[in-house]
Amino acid sequence: MSFSDSEHGGGKEYKVFRQFSRDRLLYEMLGASSSDGGKSTWKVLIMDKVTVKVMSHSCKMADITDQGVSLVEDIFRRRQPLPTLDAIYFMQPTRENIIMFLSDMSGREPLYKKAFIFFSSPVQKELINHIKADTSVLPRIGALREMNLEYFPVDSQAFITDHDSALVELFSEDAEKSKNFEILLNVMATRIATVFASLKELPYVRYRAPRERDGSPEATRSLIPSKLADSIWQCISNYKSIPNFPQTETCDLLILDRSVDQIAPVIHEWTYDAMCHDLLEMDGNKYVVELPGKHGGPPEKKEVLLEDHDPVWLELRHAHIADASERLHEKMTTFKSKNKAANIQRDGEMSTRDLQKIVQALPQYNETVEKLTLHVEIAGILNECIRDMGLRDLGQLEQDLVFGDAGSKEVINLLRTMQDASTDNKLRLLMIYAVVYPEKFEGDKATKLMQLAKLTTEDMQVVNNMKYLGGPPKSKKQSSGFSLKFDGGQKEAKNAARKDRTGEEEETWQLFRFFPFVEELIENLSKGQLPKDEYSCINEPPPPKADKSHRAAPTPNGRRPAHSMRSRRTPTWARGNCSDDGYSSDSVLKNVVPDFKRMGQRIFVFIIGGATRSELRACHKLTAKLRREVILGSTSFDDPPQYISKLKQLSEKDINKAKPQN
């Protein structure tokens with residue numbers, strides 16, 4: 001069997017994670033598959049339920065059509081014979097898929113002219129032998145390869161394994177007794193390993209060390225990162241026979257679980273991206289916004305896709321909501337005042353060249369105005385939600401708790417004064433309170449808090465279920481009750497879950513102090529300073545040499561002092577460049593993209609049980625800071641309502657009866 005050998009890696013142009021995955025699917029699989037060796041022949045693309053998701057996360061239908069695909073089919077549906085066309089089978093290496101393939105291509109009248117088979121992950125020899133046993137099929141096979149691409153890119157620097165219920169299936173009560181437990185970890189490991197096979201990367205595999213080893217359910221759950229790490233390493237070791245696969249380590253992989261940071265999934269994150277997913281009723285990345293009607297007509301509903309293809313979104317998604325709002329209004333004003341298509345001079349004569357430029361600029365002008373209008377409207381809705389829900393006071397208390405600037409008195413006062421706050425918002429506050437002050441939930445103290453917050457016993461079960469995740473390794477004995485307290489390495493604040501970095505970071509905004517614990521771990525990993533007793537390595541690297549040139553140094557710019565946290569001034573780094581020609585819209589839609597030239601080795605972080613938008617933001621931020629592409633992987637990406645819903649299920653024992661995810 002031949003293996004695909006990507007031409008898009010090596011010493012050629014550096015491509016970010018998602019772009020690399022897209023190019024492999026389009027050019028290595030679709031573009032190179034035809035019986036005549038050219039792109040002129042139309043082809044049929046046949047996929048299963050998993051690979052169709054892989055494809056849709058990386059490519060648009062127009063991309064697929066450009067590679068000569070005229071029809072996309074489901075392998076398990078009855079299909080019309082097309083004996084003059086070649087077929088590309090992109091599928092998982094399962095017995096069911098092989099049987100369907102053989103029924104398509106065997107006998108005297110196959111459905112297609114030639115079959116080009118690409119498996120999404122390693123295929124067992126017995127399945128290959130099953131194909132070889134049918135002599136009528138062999139001459140009709142144009143290619144038989146392992147693409148090793150069974151992950152789902154959700155961002156230019158992030159992917160999921162599509163195991164949305166992993167938190168529940170792995171961390172719920174008695175989860176380790178379920179047959180799904182090991183199956184889920186094995187499928188997860190296979191999919192993560194295909195990331196490294198696809199990118200031709202061999203990682204140092206680090207994982208969060210077990211916190212308990214006494215055979216208890218808690219100890220079993222703390223073993224999950226090490227179990228996954230072992231499975232991933234076994235899978236990756238088998239890839240060393242792939243042509244051009246590195247034989248020495250080229251990157252870092254850190255495997256964590258959701259217990260590493262129980263604050264990040266519930267704290268109110270104040271970026272444009274996080275606010276959209278937290279406060280708006282979104283369907284994935286899709287949102288329907290109601291715009292004022294034109295010429296005084298009825299309101300119009302417009303569907304918006306908040307994703308990488310929208311340059312306004314790409315530029316502002318990680319900006320503070322106040323910063324994003326200011327910049328949107330500034331962009332709209334600047335664009336309308338400077339763009340000549342918006343300011344046609346009716347008086348005086350215009351040259352033919354000026355008229356030509358205006359005509360050429362009009363479509364782009366309309367597109368730009370429409371995009372900016374949509375985002376201005378969305379930002380307005382978010383600011384209204386923040387105001388109506390009293391999120392400024394709530395958010396301030398959340399961050400004060402995290403950084404050790406508030407305690408019981410402030411929590412009790414807010415619960416008394418914000419009686420109309422939503423159940424979820426009160427729960428989120430209490431969950432943060434429980435992480436920082438676990439002793440406040442011992443005995444009947446939790447009941448008193450529940451009564452004060454006017455929550456039900458069922459609501460408080462969410463807080464109680466945090467015990468199934470536990471917390472980071474404890475440096476000293478904890479009192480009775482479940483331990484949730486985080487040790488971010490700080491000593492100066494007795495009850496703080498994070499060290500305040502306000503003076504260390506660039507200019508910041510009010511309520512923008514919080515950072516996920518993953519950010520600190522990645523920085524320590526890059527420096528080679530992860531504590532070995534807390535984070536083990538399967539293939540321990542040799543001691544570093546005196547020459548550390550292989551590690552990219554941070555940018556040489558000196559740190560700037562932070563301005564007032566209540567300042568409304570837009571930071572200089574966030575200001576967009578303005579075009580001087582008066583016609584171009586590029587300056588308004590221009591996104592801030594890190595310079596990927598001379599990048600150091602990649603860093604991969606995988607979080608079992610769901611990742612958050614603040615953690616994704618941290619990866620983008622550290623990519624620019626460390627000059628190493630930081631790629632975040634997880635079983636799923638969860639917004640606070642989803643996370644709370646999953647946490648509720650951890651004590652529901654019937655969850656283990658569910659079928660394991662493929």
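This structure is a prediction, so every number in the text was calculated from the model and none was measured.

Colleague: Got a minute to help me understand the overall build of the chain in this structure?
Modeller: Counting secondary structure elements, the chain contains 22 helices and 14 strands. Carbon together with sulfur atoms contributes 49% to the accessible area of the chain, which is approximately 30,400 Å² in total.

Colleague: Where do I start with the pattern of salt bridges in this structure?
Modeller: Oppositely charged side chains can form a pair if their charged atoms are brought close together. According to the stated counting rule, one finds 36 salt bridges in the structure shown. Salt-bridge contacts for glutamate 182 lead to lysine 227; the nearest nitrogen and oxygen are separated by 3.5 Å. With glutamate 182 in helix 7 (residues 180-199) and lysine 227 in helix 9 (residues 224-237), this residue pair connects regions lying 45 residues apart in the sequence. Judged by its relative accessible area of 38%, glutamate 182 is partly exposed.

Colleague: Got a minute to help me understand the nonpolar core in this structure?
Modeller: One recurring pattern in soluble globular proteins: nonpolar side chains tend to sit buried together. One finds Met55, Phe90, Leu170, Leu228, Ile378 and Leu430 to be the most contacted residues of the largest nonpolar core, which totals 155 residues. Top contributing element to this core by residue count: helix 7, with 11 residues. Listed in part, the 23 residues of the second largest apolar core include Val44, Met91, Ile117 and Phe119.

Colleague: Hey, could you run me through the packing of aromatic side chains in this one?
Modeller: Pairs of aromatic rings are described using the distance from one ring centre to the other and the angle between the two planes. Under the definition given, this model contains 12 aromatic pairs. With 5.6 Å between their ring centres and 50 degrees between their planes, tyrosine 433 and tyrosine 437 make a pair best called tilted. Comparing tyrosine 433 with tyrosine 437 shows no difference in burial state: the two are buried. Among the aromatic residues, ring-to-ring pairing joins Phe17, Tyr151, Phe159 and Phe606 into one connected group.

Colleague: For this particular structure, what's the right way to read unusual backbone geometry?
Modeller: Keep in mind that most residues, glycine aside, have a negative phi and that most peptide bonds are trans. Positioned with a positive phi, aspartate 174 is a non-glycine residue whose angle comes to about 65 degrees. Mapped onto the elements, aspartate 174 comes out in the loop between helix 6 (166-171) and helix 7. Even without a glycine there, the phi angle at arginine 627 is positive, about 55 degrees. One can find arginine 627 in the loop between helix 21 (613-626) and strand 14 (630-634). Residue classification places arginine 627 among the partly exposed residues on the basis of a relative accessible area of 21%.

Colleague: Sorry if this is basic, but what is going on with the sheet that holds strand 5 (residues 141-146) here?
Modeller: Think of a sheet as strands paired side by side through backbone hydrogen bonds, with each pair either parallel or antiparallel. Here we have 5 strands laid out as an open sheet, ordered 2-1-3-4-5, and parallel in their pairing. One side of each edge strand has no neighbouring strand; the edge strands of this open sheet are strand 2 (69-74) and strand 5. Looking at each pair of strands side by side, their axes are set apart by 15 degrees on average, direction ignored. Where strand 1 (residues 43-47) meets strand 3 (residues 86-91), 5 bridges bridge the pair, whose relative direction is parallel. The partner of methionine 47 across the bridge, within strand 3, is phenylalanine 90. Along the sheet face, helix 1 (residues 17-30) touches strand 1, strand 2, strand 3, strand 4 (115-119) and strand 5 and points at about 140 degrees away from the line of strand 3.

Rules of the game
- Residues numbered from 1 in each chain as written.
- Predicted model: local features only at pLDDT ≥ 70, side-chain atom pairs only at ≥ 80, totals over all residues.
- Heavy atoms only, no water.
- Helix = DSSP H or I, 4+ residues; strand = E, 2+ residues; numbered from the N terminus.
- Areas by Shrake-Rupley, 256 points an atom, 1.4 Å probe, with all protein chains shown as cover.
- Salt bridge = Lys/Arg side-chain N within 4 Å of Asp/Glu carboxyl O.
- Buried < 20%, exposed > 50% of the residue type's maximum accessible area, 1.4 Å probe, protein only.
- Core = buried A, V, L, I, M, F, W, Y, C linked by side-chain atoms within 4.5 Å.
- Phe/Tyr/Trp six-rings, centres within 6.5 Å; stacked < 30°, edge-to-face > 60°.
- Pairing = 2+ DSSP bridges.
- Axes fitted to C-alpha atoms, helices over the stretch in contact; angles between N-to-C directions.
- Contact = heavy atoms within 4.5 Å.

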